[in-house]
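Residue-level listing of the chains:
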Amino acid sequence: MRNLLLDIGNSSIKIAISSGNKIYNVKRYNYSKNNFTNIIKKILKYNRKEFDSIGISCLNSDYRKILLNNIKNKYSINPFFVKFAHNLPIKLKYEKSLGNDRICSAVAASMKYRNKKNILIIDFGTAATYNFVSNNIFIGGLITPGILTSLQSLNSRANLPLTGIKNINNLITNNTKTNILSGVIHQSLFTTEAIIKNLKKKYKNLFVISTGGLAELIFKKSCLIDKIEDNLVLEGINYILLHNKKSS
């Protein structure tokens, strides 16, 4: 069975086609509130025969309505929106506010690394989310501002120059733009490593995965992250969709 997968983030959309547990043709589209509908119409260019179902992770209720209307108009099918209440291949020890993207990445990590008892999944996106799974149970986590969010906050609140995201090797630099860049990247790095070290004191053989748009920046700087996975949310959507198909 092949599926069309859509991961609707806060500023970008990732799509892919799946065949069984494998995903391919991964593409990314940046969007804003003003052009979301146009981007969706651009994305939905696939021939209906190319897939059997559509699985979606989307937190925004307005965007879900737009997606539902466009998909029904083009394909005459109901898409599968990942929800907390769905039948999942892992258990959730968390309140119902848990984001769909966090559910998807936790499911994908648990399914791909079944031999790992304790897994920490860190998603470096608009927010940096730390998600802990133990024995296939989502225990909880924490959320901090993402690198780009910190940059934007400094620019708007401290009237400091806004600089683009790029890798920076030196901790101490000699101009304001690189001071800011070094600050937000190393703040994220040091926070991440402190969290990992703290969890490793309690949970033996903790396996750490990074994902998200800015994951590579931190992954390259830390020896405490075991694996980088670019498409965990998309893979999680697919695992959940397949799991519900089998159960129905």
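Quick notes on the rules
Residue positions are given per chain, counting from 1 as you read along its sequence in written order. Local features in this predicted model are restricted to residues whose pLDDT is 70 or higher, and side-chain atom pairs enter the listing and the counts only when it is 80 or higher, whereas totals over whole chains, interfaces and linings include all residues. Think of the side-chain values as coming from all heavy atoms in the structure, minus any hydrogens and water. Here a salt bridge means any side-chain nitrogen of Lys or Arg lying within 4 Å of a carboxyl oxygen belonging to Asp or Glu. Helix and strand assignments follow DSSP, with helices taken as H or I runs no shorter than four residues and strands as E runs no shorter than two, numbered in order from the N terminus. In this scheme, a residue with accessible area under 20% of its type's maximum is buried, one over 50% is exposed, and one in between is partly exposed, where area comes from a 1.4 Å probe on protein chains only. Ring pairs are drawn from Phe, Tyr and Trp, using the six-membered ring of Trp, whenever the two centres fall within 6.5 Å, and their geometry is named by plane angle: stacked under 30 degrees, edge-to-face over 60, tilted for the rest. Helix span, expected: 1.5 Å multiplied by one less than the number of residues in the helix. The directions from the helix axis to the C-beta atoms form the arc being described. Two residues qualify as a contact provided that any one of their heavy atoms is within 4.5 Å of a heavy atom in the partner residue. Between N or O atoms, a polar contact is any pair within 3.5 Å; within protein, one atom must be a potential hydrogen donor and the other a potential acceptor, and residues adjacent in sequence are included only when both atoms are from side chains.

> Looking at this structure, how should I read the pattern of salt bridges?
As enumerated under the stated definition, the model contains three salt bridges in all. Across the pair E235 and K112 runs a salt bridge whose closest N-O atoms are separated by 3.2 Å. Taken together, the residues span a long stretch of sequence, with E235 in helix 7 (residues 232-247) and K112 in helix 3 (residues 100-112) at a distance of 123 residues. Classification of E235 by relative accessible area gives buried; the value is 11%. Using a relative accessible area of 32% as the deciding quantity, one classes K112 as partly exposed. The salt bridge involving K220 is made with E216; its shortest N-O contact spans 3.2 Å. Overall, the relative accessible area of 58% leaves K220 in the exposed class. Take E216: its relative accessible area is 47%, and that puts it in the partly exposed class.

> Is there a simple way to explain the packing of aromatic side chains in this structure?
Taken as a whole and judged by the stated rule, the model has seven aromatic pairs. Ring geometry for Y31 versus Y63: centroids 5.7 Å apart, planes at 80 degrees, classification edge-to-face. Pair noted here: Y31 is in the loop between strand 3 (22-30) and helix 1 (36-43) and Y63 is in helix 2 (residues 61-75), with a separation of 32 residues, a long-range link. Residues F36 and Y63 carry aromatic rings whose centres are separated by 4.0 Å and whose planes lie at 15 degrees to one another, so their mutual orientation is stacked. With F36 in helix 1 and Y63 in helix 2, the pair connects residues that are 27 residues apart, well separated along the chain.

> It is not clear to me how helix 2 should be interpreted in this structure. Could you clarify?
In an α-helix, one full turn covers 3.6 residues, which means residues spaced three or four apart are oriented alike. With 15 residues, helix 2 extends 21 Å between its outermost C-alpha atoms, agreeing within 8% with the 21 Å of an ideal straight helix rising 1.5 Å per residue. Along helix 2, the positions that sit buried rather than exposed are Y63, L67, N70, I71 and Y75. The buried residues of helix 2 occupy an angular sector of 100 degrees when the element is viewed end-on, so they sit on one face. Of the exposed residues in helix 2, the ones pointing more than 90 degrees away from its buried face are K65 and N73. Check the buried side of helix 2 and you find it contacts strand 1 (2-8), helix 1, strand 4 (53-58) and strand 5 (80-81). N-capping of helix 2 is provided by N60, with a side-chain oxygen placed 2.8 Å from the backbone N of D62.

> Explain unusual backbone geometry to me, please; I cannot follow it from the model alone.
Keep in mind that most residues, glycine aside, have a negative phi and that most peptide bonds are trans. Not every positive phi belongs to a glycine, and N25 is a case in point at roughly 55 degrees. Tracing the chain through its elements places N25 in strand 3. Even without a glycine there, the phi angle at N135 is positive, about 55 degrees. Structurally, the position occupied by N135 is in the loop between strand 8 (127-134) and strand 9 (137-145).

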